[in-house]
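Commentary on secondary and tertiary structure
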Amino acid sequence: MFQCLDCKKTDDVPEFIVGEFSVDLNEGEEVELHCPHCNGTMIEARNAPSD
């Protein structure tokens, strides 16, 4: 589950897609995706700051 930092909406992203994005990451970096709702930045919901 990913959550948008801008609009706060969540989206289920299949694990295989997350795996494809994480191939080029350095250690400690997180996968970031574009929000399908507002085109903002989405991060894994467990790492999202709570408001």
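Quick caveat: nothing in here was measured; it's all calculated off a predicted structure. (Residues numbered from 1 in each chain as written. Predicted model: local features only at pLDDT ≥ 70, side-chain atom pairs only at ≥ 80, totals over all residues. Heavy atoms only, no water.)

Once that is clear, we can look at the environment of Leu-25. Positionally, Leu-25 belongs in the loop between helix H1 (15-22) and strand S3 (33-34). With a relative accessible area of 29%, Leu-25 lands in the partly exposed category. Taking C-alpha positions, Leu-25 is 21 Å from Asn-39, a pair spaced 14 residues apart along the chain. Residues within four places of Leu-25 in sequence aside, it is in contact with Glu-30 and Val-31. (Helix = DSSP H or I, 4+ residues; strand = E, 2+ residues; numbered from the N terminus. Buried < 20%, exposed > 50% of the residue type's maximum accessible area, 1.4 Å probe, protein only. Contact = heavy atoms within 4.5 Å.)

The strand order across the open sheet formed by four strands is S2-S1-S4-S3, and the pairing between neighbours is antiparallel. The open sheet has two free edges, formed respectively by strand S2 (10-11) and S3, since each of these has just one partner strand. Across two bridges, S3 lies against strand S4 (residues 41-44) in antiparallel orientation. Across the sheet, the residue bridging to His-34 is Thr-41, located in S4. (Pairing = 2+ DSSP bridges.)

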